[in-house]
Protein chains: 2
Amino acid sequence: MASRTWQTVRFDWNQARAFLVTAEEGSLSAAARALGLTQPTLGRQVAALEEALGVTLFERLGRSLSLTEPGLELVDHVKAMGEAAGRMSLAASGQSQAIEGQVCITASDLLSVYHLPPVLERLRCIAPEIEVEVVASNEIRDLKRREADIAIRHVRPEQPDLIAKHVRDTTAHLYAAPAYLERHGRPSTVEDLVDSVFVAAGQPDRYLADVRSSGLPLTKANLKYMSDSGVMAWEMVKQGLGMAIMFRDVAELTPEVENVVPDFGTVPVPLWLVTHRELRTSRRIRLVFDVLAEALARDGST
Amino acid sequence: MASRTWQTVRFDWNQARAFLVTAEEGSLSAAARALGLTQPTLGRQVAALEEALGVTLFERLGRSLSLTEPGLELVDHVKAMGEAAGRMSLAASGQSQAIEGQVCITASDLLSVYHLPPVLERLRCIAPEIEVEVVASNEIRDLKRREADIAIRHVRPEQPDLIAKHVRDTTAHLYAAPAYLERHGRPSTVEDLVDSVFVAAGQPDRYLADVRSSGLPLTKANLKYMSDSGVMAWEMVKQGLGMAIMFRDVAELTPEVENVVPDFGTVPVPLWLVTHRELRTSRRIRLVFDVLAEALARDGST
DNA sequence: CTCGTGATATACAAGAATGCATGGCAAGCC
DNA sequence: GGCTTGCCATGCATTCTTGTATATCACGAG
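Residue numbers run consecutively from 1 along every chain, following the written order of its sequence. Here chains are named by letter from A upward and ligands by number from 1 upward, in the order in which they appear as written. Side-chain atom pairs in this predicted model are given and counted only at pLDDT of 80 or more, local residue features only at pLDDT of at least 70, and totals for whole chains, interfaces and linings cover all residues. Hydrogens are left out, water is left out, and the side-chain values use all remaining heavy atoms of the structure.

Some points on the protein's contact with DNA strand D
Nearness is defined per residue: one heavy atom within 4 Å of the molecule or strand is enough. Looking at DNA strand D, there are 18 residues lining it, with A:L28, A:S29, B:T41, B:R44 and B:Q45 nearest. Between DNA strand D and the protein, one listed contact pairs a phosphate oxygen with a side-chain N or O atom of A:R60 at 3.3 Å. The side chain of B:Q45 places a nitrogen or oxygen atom 2.8 Å from a phosphate oxygen of DNA strand D. Among the secondary structure elements, those contributing two or more residues to the surface near DNA strand D are α2 (28–35) and α3 (39–53) of chain A together with α3 (39–53) of chain B. Under the DSSP-based scheme used, a helix requires at least four consecutive residues in state H or I and a strand at least two consecutive residues in state E, with every element numbered from the N terminus. With four residues, α3(B) is the single largest residue contributor to the surface near DNA strand D. The definition of a polar contact used here is a pair of N or O atoms within 3.5 Å, where within protein one atom must be able to donate a hydrogen and the other to accept one, and adjacent residues in sequence count solely through side-chain atom pairs.

Here is the structure:
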């Protein structure tokens, strides 16, 4: 094949990568952090690309850089490169038949803290070469962008690229610590809750909407404590600051709390295990997925 | 932005490039030649990519490598990367406002040899910083793959991505050297040509088809000499080996030949200047394009 | 069968890219 | 205004990559 054929791809692709991440992140320093490199390196790579292409990509105005007009023309193409690179990386992980290597699991912090440790130990017995990274976060990670390999969710994902397994269902009930109940009284019906103190996890407004759809007559006035961390919120409940709705299996692992208004039954909460379609073919991720599925399902039957 | 967002593009993109070119070229050595690198370098880059992805891309069986099944799955994605890279490179050349740098022109060898030298000298006077590379080849180069920046053609290109300027028309006539005419007689009508000796350029079959569509009653028996090089073919005519159809302006620069059967007029032959749409915005290429257009048009009027 | 060609793998030296440290600068905040 | 913070640019030591030369191997021709 004629060597001129490859004239167009002869430029340094890592410099293109530097350009892409810098443009998306908005600064060389941020791009360096994102790529695990240093700011001088990124600066030099971008400068070298500008030199090679004969195009000024960024306007240096003191603190921050902004794309020039020619840079704007090019950034779409390099984005396309990046998307192809992402698909390639994803497919590669799927093709990897190695049993050792990293697997990244994401779950809410509560799920992580209360359910994952025993599962991970079990996984370690089965496949000690697998390194597990747990992203315990309540923000939903994008599996398509490979922000995690496996996600544990309470909702069924809609995207067709994702495959999901319905592991089991749990239920949510009302719980409080004895210290709280002695101070505020022991409610026996839902109507008794109008003056109660609740601990909310996540966004207050969203929490309120969820709670009311399950039949509790709460208002913003009831939410005295809140945290984006579910573990933190639950800790506040344990220490008697307020009541909360909690999954039954988590509450049963928490001797400090007791069930309140036992005849209040909320909607069942499903547990979904989600991964990307491409990753099904990976032995490593498939193994973790199956172990998680089996362990979490059994966990709920206890 | 979360750093995990870029997890998928953290791998070495130059290694992806090595993978792409190796897969397309079929060997590390060929890929090294294509990229202007060396075979050990390509070998190490591919090996490092296999290591990083945890996937064996090529099967080493002695002399040549072949893609493994996982490699086949990945090669499409890296091809997409390469195509995006090509588009980026093309767009970058278009955005480049630098007047210095390379411009690659392709034309048939005859056109190159007979018309280009004075034009290039004129170009050098106007813009001495431009480096011109002439690909004198009768194979049609793919402008979309950037195998050249500007092409001089005798046919109007069809692709919408290309822009073409009709520079001028010339005509083709019959020519031979006196030595030939003295040996074979001086034909006065088209019918006298049935036993004549012709020199063909390019593919014999295609040449014959073109020639017969212009009204000459030739058969394969008339084509005694042929060459893929138009210059070589014309040289044979000059030395009296046979007759040929030739563009008028080329023949007029060749005192060794004379016009035969002057009342035989073939169809006019157009001259098109072609470039890629993306390259219109490049000052450098635009300049070369305009100088070529002006010089070639004037050339024909003499 | 031997040899030639063209391929991949390896050893070592030269070169280039990287990281660290620093300096300078602009913007936001007491 | 002075201070802090976060950014980009540059000098220097180090690491890593690349290229050269060479060994080895497979296939095909004579």
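From this point on, the discussion continues.
So, the protein's contact with DNA strand C
Within the structure, DNA strand C sits among 17 residues, and A:T38, A:T41, A:Q45, B:L28 and B:S29 are positioned closest to it. In DNA strand C, atoms within 4 Å of the protein come 67% from sugar and phosphate. Interatomic distance of 2.6 Å between a side-chain N/O atom of A:Q45 and a phosphate oxygen of DNA strand C. Separating a phosphate oxygen of DNA strand C from a side-chain N or O atom of B:S29 is a distance of 2.4 Å. Those elements giving two or more residues to the surface near DNA strand C turn out to be α3 of chain A together with α2 (28–35) and α3 of chain B. For the surface near DNA strand C, the leading source of residues is α3(A), giving four residues.

Points about the interface of chain A and chain B
In what follows, residue pairs with any heavy atoms lying within 4.5 Å of each other are defined as contacts. Counting from both sides, the interface comprises 57 residues of chain A and, opposite them, 57 residues of chain B. Summed over both partners, buried area is the accessible surface (1.4 Å probe) that two parts give up on being assembled. Between chain A and chain B, roughly 5,000 Å² of surface is buried when both sides are summed, and carbon and sulfur atoms account for 64% of that area. Contact with chain B buries surface across chain A, with A:R4, A:W13 and A:M88 losing the most and accounting together for 17% of the total. By definition here, a salt bridge exists when the distance from a side-chain nitrogen of Lys or Arg to a carboxyl oxygen of Asp or Glu is within 4 Å. Our enumeration of links across chain A and chain B arrives at zero salt bridges. The interface formed by chain A and chain B includes 13 residue pairs in polar contact (both at pLDDT 80 or more). Breaking the side of chain A that touches chain B down by element, the ones donating at least two residues are α1 (13–25), α2, α3, α4 (69–95) and β4 (130–136) of chain A. Looking at the side of chain A that touches chain B, the element that brings in the most residues is α4(A), giving 18 residues. Three classes are used: nonpolar for Ala, Val, Leu, Ile, Met, Phe, Trp, Tyr, Cys and Pro, charged for Asp, Glu, Lys and Arg, and polar for all others, with Gly counted as polar. Class assignment for the residues of the side of chain A that touches chain B results in 28 nonpolar, 14 polar and 15 charged.

Describing the domain arrangement of chain A
All names here are of chain A. An automatic or database domain assignment supplies the residue ranges for each domain. When cut into domains, chain A gives domain 1 (3–95), domain 2 (101–154 + 277–301) and domain 3 (170–268). For domain 1 versus domain 2, the separation of C-alpha centres amounts to 32 Å. With six residues of domain 1 at the interface, the matching set in domain 2 holds five residues. Counting the surface lost from both domain 1 and domain 2, the interface buries some 530 Å², and carbon and sulfur atoms represent 55% of this. Among the residues of domain 1 in contact with domain 2, L90, S93 and G94 are the three that bury the most area, contributing 81% of the side total. The tally of links between domain 1 and domain 2 comes to zero salt bridges.

With respect to the relation of the copies chain A and chain B
Two copies of one chain are present, and they are related through a rotation about an axis combined with an axial shift. C-alpha atoms of residues with pLDDT of at least 70 in both copies form the basis for the least-squares superposition of the copies. The two copies are related by a screw motion: chain A maps onto chain B through a turn of 180° and a shift of 0.0 Å along the axis, at an RMSD of 0.1 Å. Look at the turn and shift together and you get a two-fold axis relating the two. Both copies contact each other with a shared surface, as 100% of the interface residues of chain A are interface residues in chain B too.

Quick notes on the pairing of strand β11 (residues 268–276) of chain A
Residues and elements named next belong to chain A. Only protein chains enter the calculation, and the probe is 1.4 Å; a residue is then buried if its accessible area is under 20% of its type maximum, exposed if over 50%, and partly exposed in between. With seven of its nine residues buried, β11 lies for the most part within the structure. Pairing between strands is defined by DSSP: at least two bridges between them are needed. As paired elements, strand β5 (residues 150–153) and β11 share four bridges and run antiparallel to each other. Following the sheet pairing, A151 is matched in β11 by V274. Here strand β6 (residues 162–176) runs beside β11; their pairing, made up of nine bridges, is antiparallel. Opposite H166, over in β11, you have W272 as the bridge partner.

Focus on unusual backbone geometry
One non-glycine residue, A:R146, lies in positive phi territory at about 65°. Of note, A:R146 is situated in the loop between β4 and β5. Judged by relative accessible area, which is 10%, A:R146 ranks as buried. A positive phi is found at B:V261, a non-glycine position, where the angle reads about 50°. Inspection of the secondary structure assignment puts B:V261 in the loop between β11 (258–260) and β12 (269–276). You can call B:V261 buried: its relative accessible area is 3%.

Quick word on empty space enclosed by the protein
All names here are of chain B. With a 1 Å grid spanning the protein atoms alone, the term cavity applies to any set of points in which a 1.4 Å probe fits but cannot get out, the term pocket to an open set with protein on both sides within 12 Å along at least five of seven lines, and the term lining residue to any residue with an atom within 4 Å of a point. Grid points are joined across faces, edges and corners, and a volume is the space filled by probe spheres set on the points. Under the counting rule described, the total for this entry stands at three cavities of 30 Å³ or more. Of the volumes computed, that of the largest cavity is approximately 60 Å³. Along the walls of the largest cavity sit L111, H115, H154, R168, T170, F247, D249, V269, P270 and L271, which together make up its complete lining. Counting only elements with at least two residues in the lining of the largest cavity, the list comes to α5 (109–126), β6 (162–170) and β12. Broken down by element, the lining of the largest cavity gets its largest block of residues, three residues, from β12.

Digging into the nonpolar core
In terms of nonpolar packing, the biggest core is built from 62 residues, with A:W13, A:F19, A:M81, B:W13, B:F19 and B:M81 touching the most fellow members. Broken down by secondary-structure element, the contributors of at least two residues to this core are α1, α2, α3 and α4 of chain A together with α1 (13–25), α2, α3 and α4 (69–95) of chain B. In this description, a nonpolar core means a group of buried Ala, Val, Leu, Ile, Met, Phe, Trp, Tyr and Cys residues linked to one another through side-chain atoms lying within 4.5 Å.

Re the packing of aromatic side chains
All names here are of chain A. Two rings belonging to Phe, Tyr or Trp (six-membered ring only in the last case) form a pair when the distance between their centres is within 6.5 Å. Interplanar angles under 30 degrees mark stacking, angles over 60 mark edge-to-face geometry, and anything in between is tilted. Taken as a whole and assessed by the stated rule, the structure comprises four aromatic pairs over all chains. Seen from their ring centres, Y175 and W234 are 6.2 Å apart, and the 90° between their planes marks the pair as edge-to-face. Of the two residues, Y175 sits in strand β6 while W234 sits in helix α8 (residues 230–238), which places them 59 residues apart along the sequence. Judged by relative accessible area, Y175 falls into the buried class, the value being 6%.

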